[in-house]
Amino acid sequence: MSRLYTLNIEQVTNGIKNEEFTSEEYVSQIIERIIKVDQKINSFITINDNALVQAQQIDKKIRSGSTVGSLAGIVVGIKDNISTAGLKTTCASKMLSDYVPPYDATVIKRLKDKDAIIIGKLNLDEFAMGSTTEWSSYGLTRNPWNLDYVCGGSSGGSAASVAAQLCTASLGSDTGGSVRCPASFCSVVGFKPTYGLVSRYGLVSYSNSLEQIGPIGRTVSDVKKIMEVISGKDTNDNTTIDTRNNINTNNYDPEQKNNQKIGLLRELINGADESVYQCIYSAIDKFNKFGFTYEESSLKSSEYALASYYTIATAEASSNLARFDNIRYGFELNPDDYEWNTYFSKTRGNFGDEVKRRIIVGSFVLSSGYYGKYYLKAQRVKNLIKHELKKLFKEYDLLISPTVPVLPFKIGEKIDDPLKMYLIDINTVLANLAGIPAISIPIGFKNGLPIGLQIMADEFQEKKLLDISEVIEKSININTSYPDL
Amino acid sequence: MTSSLPVKIGLEIHCQLTQLNTKLFCSCYCNYREKEINSNICPICLGLPGSLPILNKKAVEFAIMISKALDCKIPELTVFSRKNYFYPDLPKNFQITQYDSYGTSTSIGKEGSIKYGENYKIARIRRIQLEEDPGRLVYENGRTQALIDYNRAGVALVEIVTEPDFVDPKEVRIFLNKMTSILEHLNVCNTNLEGSLRCDANISIGNGKKVEIKNIGSFSDIEKALTYEITRQKTMTIHDIEIKAETRHWDDKRKITKQARSKEEEEDYRYFPEPDIPKILLENLSLIKTSELPDERKSRFINDYGLSEHVAQVLIDNKDLADLFESAIKIYHSPKSISNWIVSDILAFIEYDSSGKKTITDEMKIDAKHIAEIAKLVDDNTINRSTAKSIISRIIKTGELPSDIIKKEKQTTTIINDETILLESIDKIFNEEKKATLDAKHNPTAINFLLGKIMRMTKGRADPKITTILLKKRLDEEV
Ligand SMILES: [Zn+2]
């Protein structure tokens, strides 16, 4: 069979299990396509040389009649800030150019347990700090829909590779929108789970209190299937939560998916570009026919969200990134003739400009005399936003907004203006500050450039959020088109 | 008068929770000692990218036990903080610790107190908190670089901070003895292990600034370091030199304190709450029972066994001795004689160890059974005290049982109370000391002289009471 790379998760796993094609055939076609297509978009940093061997093992299992996992044979691309045993994990940084982790992240272990194949490591902004994947020391990733445009970030490689059909699905990490923004820019589905639902063990920390690993797929259904495997309490991460006690499906009857009250956040749509604005309203028209109750709502504290987000994220980052001193791991640099302070300075000079900027800002907001003024205040805003959203979710089942208020823009357009760049995250950071689940699904194009809809739900309402996202996805019905590469 | 300037000393004690199985945030062994360099490590304690701390609940329980023993208030919940600074022995370049700021207390215990010394002086405890130990820098001869051993990185430490309630180094020593005994009795720390207990001190005299002394490796050096520092500060005051707030290091070899860095340029540690460890509820944990504490044990020794205040205190100050005592009286129930043998004789053989504490070492082959036998043999009048003492100094090295020695060497060890044998000796002395014998008939001092001769002849083994009676009787018969 040809063009196997177009299949979704269910089609791949069924096809392999029913021996319509082999896992090996599937992986071979994917690798062939990566070799052909990825030179155009640069979404991969490392390709897993073992993928074919693993595919052969799955085929052997199937031929011998042994049971295989629920994700048997699918190929998953992994953002290169998630640790993979024996496979380089660079965080797109010179700092870790030679770093090979000795252990698998919990999400990787869970995927492997279900016989998913890790196809390779995907490009990102260095240490996940950025919104366009232009800040990578392995070169930028291009938008598969238009190669002159940015693909979003920081999980740009994860979104672009799925859009370009170089893997069945991928994992990204979302600290302030890093899964949803590139998903929106590349016209794929990207999901950020409730804080504590997915283990962060093995995810190289940028801002621990905000980030979650999340899947990117071409359909909501694919994202659901990955979530089923990667979520759940992990003894290696004290911040994960036992979902058996927390999944709250009150007031939600899956049979009545359409009977939901949806609020459009005024502050988040008003700041959007005209084309994004129009696209959102035409999408609302389409899914309104499915019987949702819809109205405009307001989140007053949203105006402080971005400042709060960047204060907390940079503060935590400044501490998290302190460990990169090249003493225990990193890259080749002989310490002879260095006093340790000068060695630290020398090696830490290898961080890229954006990372340095955030470390400096983060060290500043934590320093004595400024801690109360910035860090504590940011924490108070975070609580305020959480509280205000909680109140809104008493009234609405879901809240919607544009994922990103602007269309994908040209490469290089905003790279020299950090403030403009940070504004890209203005709609996505809310979910990270409040710890709630949020998804971006494709709803249309303007001049060939994708636009995404963000849907948020209250914490642990993943089932409701994903079920309804599927209904909305079907009502809009654009998932069948893919970029021509 | 500078000599009368009041001295204020406060302490920061770091106690490794050596009795835990694993480190504070990972499952590596707590016991890193004698392990091959960098073999007791994992992604977590090595701070590898993506690793997360997993809190050892038992460590929190231990810290609560210490807090309770020191009469501290225990808050309903606690959190951890990050202390950010760059140092090669610190795998993450921050230390996970606890920190009070902005009105939030993040200690496990606070505002406690402890009574110590004969006059039951009170030292207030400011706070008790948990934190991780860093790795160790290793300097090898002939090598210009330092090597780093991370085996110790992540071992649980409890930091105990006192108020500046001590007025002289001697008080500090007595206080630390008590503290050591409490930690031993709680069975949270084997204080005999090198580096398991470390202490920083701060000192000010008069209205002078506070000077911190760090790096005092053993409790035995604390008194020396404090005495040195007090003299230094007083000398400066006499010469009108201002004492600056600063941190000084104790130079273990030269036995002096020397300047480390001045307070002005002290690092900003940029503390903030550790995001990877959720808040810990302490309410339920605060119900944990502590084992018998030194003060309780001492009262029990006095009330149940009739020991004197002094003897009970000496035993309690060193848990090993108190344990030895209790095991021995189980074998032979004579608390007074056993405690006296331990306090007046065994103690003399026990050496001061590197931490400045008397420790029963593995080389000392004496245990409860030996002591019980010695006490019984003396109480039964089988051997005399001086024989007992020489047996003790012998068995401490050999581990032989006193009863075996007596059996094997009856002729040289046991008390002679056989009248025929004693009479033979008396006759022999009468023969040798004719003049004294005549004298003794009406002079009691001469009787003592003859008794002394007999004792010397029997190498002290003649039973003095029986011998005296027989002597008198014989002298009477001689008429
Ligand atoms: Zn470890």
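It should be noted that the structure appears before, not after, this text.
Since this is a predicted model, take the numbers as computed values, not measurements.

1. Considering the side chain of Asp237(A)
Residues and elements named next belong to chain A.
Step number 1: Tracing the backbone through its elements, the reader meets Asp 237 in the loop between helix H7 (220-230) and strand E9 (261-265).
Step number 2: Given the relative accessible area of 1%, Asp 237 is considered buried.
Step number 3: At a separation of 2.6 Å, a polar atom in the side chain of Asp 237 contacts the side chain of Thr 239.

2. Concerning the pairing of strand E12 (residues 246-251) of chain B
Residues and elements named next belong to chain B.
Step number 1: Counted residue by residue, E12 has five buried out of six residues, so it is predominantly covered.
Step number 2: Examined bridge by bridge, strand E11 (residues 211-216) and E12 share four bridges and lie parallel to one another. In the sheet register, Glu 212 faces E12, and the bridge partner there is Thr 247.

3. Concerning the pattern of salt bridges
Residues and elements named next belong to chain B.
Step number 1: One pass over the structure, following the stated rule, counts 54 salt bridges over all chains.
Step number 2: The partner of Glu 292 in a salt bridge is Arg 300, and the shortest N-O contact between them spans 2.8 Å.
Step number 3: Residue Glu 292 is classed as partly exposed on the basis of its relative accessible area, which comes to 28%.
Step number 4: Of the residues examined, Arg 300 reaches a relative accessible area of 23% and is grouped as partly exposed.
Step number 5: Residues Lys 389 and Asp 345 are paired through a salt bridge, measuring 3.4 Å at the closest nitrogen-oxygen approach. Of this pair, Lys 389 sits in helix H9 (residues 385-398) while Asp 345 is found in helix H7 (residues 335-349), placing the two residues 44 residues apart along the sequence.
Step number 6: The exposure class assigned to Lys 389 is partly exposed, which follows from its relative accessible area of 41%.
Step number 7: Among the residues examined, Asp 345 registers a relative accessible area of 10% and is labelled buried.
Step number 8: One salt-bridge network, in which partners are shared between bridges, spans Glu 292, Arg 297, Arg 300, Lys 319, Asp 323 and Glu 326.

4. What about the nonpolar core?
Step number 1: Grouped together as the largest cluster of nonpolar side chains are 96 residues, with contacts concentrated most on Leu111(A), Ile119(A) and Leu171(A).
Step number 2: Of the residues forming this core, the biggest block, seven residues, is contributed by helix H2 (residues 23-41) of chain A.
Step number 3: Cys15(B), Ala225(B), Leu282(B) and Leu293(B) belong to the second-largest nonpolar core, a separate cluster that totals 72 residues.

5. Remarks on the coordination of the zinc ion
Angles at a metal have ideal values that depend on geometry: 109.5 degrees with four tetrahedral donors, 90 or 180 degrees with six octahedral donors.
Step number 1: The zinc ion binds to the protein through Cys26(B) (SG), Cys28(B) (SG), Cys42(B) (SG) and Cys45(B) (SG), with metal-donor distances spanning 2.3 to 2.4 Å.
Step number 2: Metal-centred angles of 103 to 116° between the four donor atoms at the zinc ion mark the site as tetrahedral.

6. What to know about the sheet that holds strand E4 (residues 94-97) of chain B
Step number 1: Read from one edge to the other, the open sheet built from three strands follows the order E4-E3-E14 (chain B), with strand pairing classed as antiparallel. If you trace the sheet from one side to the other, it starts and ends with E4 and strand E14 (272-273) of chain B, each paired once.
Step number 2: Across four bridges, the pairing between strand E3 (residues 81-84) of chain B and E4(B) is antiparallel. Bridge pairing in E4(B) links Lys83(B) to Gln95(B).
Step number 3: The strands touched by helix H10 (residues 305-320) of chain A are E3, E4 and E14 of chain B; relative to E3(B), the strand with the most contacts, the crossing angle is about 60°.

7. Quick look at H7(A)
All names here are of chain A.
Step number 1: With respect to burial, H7 is a largely interior element, eight of its eleven residues being buried.
Step number 2: Turning to H7, its buried residues number three or more, namely Val 220, Ser 221, Asp 222, Val 223, Ile 226, Met 227, Val 229 and Ile 230.
Step number 3: Gly 232, located one to two residues past H7, shows a positive phi value of around 120°.

8. Comments concerning the sheet that holds strand E8 (residues 212-217) of chain A
Residues and elements named next belong to chain A.
Step number 1: The eleven strands are arranged E1-E3-E2-E6-E8-E7-E12-E13-E11-E9-E10 in an open sheet whose pairing can be described as mixed. Of all strands in the sheet, those bounded by a partner on one side alone are strand E1 (44-47) and strand E10 (293-297). Across the sheet, the mean angle from the axis of one strand to that of its neighbour is 30°, orientation sign disregarded.
Step number 2: Relative to strand E13 (residues 449-456), strand E11 (residues 398-402) is paired through four bridges, and the arrangement is antiparallel.

9. A look at the interface of chain B and chain A
Step number 1: Each side of the interface is counted separately: chain B has 33 residues, and chain A has 43 residues.
Step number 2: Here chain B meets chain A over a buried area of about 3,100 Å², counting both sides, of which 59% is carbon and sulfur.
Step number 3: Seen at the junction of chain B and chain A, the total is one salt bridge.
Step number 4: Salt-bridge contacts for Arg200(A) lead to Asp276(B); the nearest nitrogen and oxygen are separated by 2.9 Å.
Step number 5: Summed over the shared surface of chain B and chain A, the number is 20 residue pairs in polar contact (both at pLDDT 80 or more).
Step number 6: Breaking the side of chain B that touches chain A down by element, the ones donating at least two residues are E3 and E14 of chain B.
Step number 7: Residue composition of the side of chain B that touches chain A, grouped by class: 22 nonpolar, six polar and five charged.

Conventions used here
Residues numbered from 1 in each chain as written. Chains lettered and ligands numbered in written order. Predicted model: local features only at pLDDT ≥ 70, side-chain atom pairs only at ≥ 80, totals over all residues. Heavy atoms only, no water. Helix = DSSP H or I, 4+ residues; strand = E, 2+ residues; numbered from the N terminus. Buried < 20%, exposed > 50% of the residue type's maximum accessible area, 1.4 Å probe, protein only. Polar contact = N/O pair within 3.5 Å; in protein donor to acceptor, adjacent residues only side chain to side chain. Pairing = 2+ DSSP bridges. Salt bridge = Lys/Arg side-chain N within 4 Å of Asp/Glu carboxyl O. Core = buried A, V, L, I, M, F, W, Y, C linked by side-chain atoms within 4.5 Å. Donors = N, O, S within 2.8 Å, 3.2 Å for Na, K, Ca; no water. Tetrahedral: all angles 85-135°; square planar, octahedral: opposite > 155°, others 65-115°. Contact = heavy atoms within 4.5 Å. Axes fitted to C-alpha atoms, helices over the stretch in contact; angles between N-to-C directions. Buried area = accessible area lost by both parts, 1.4 Å probe. Nonpolar A, V, L, I, M, F, W, Y, C, P; charged D, E, K, R; others polar.

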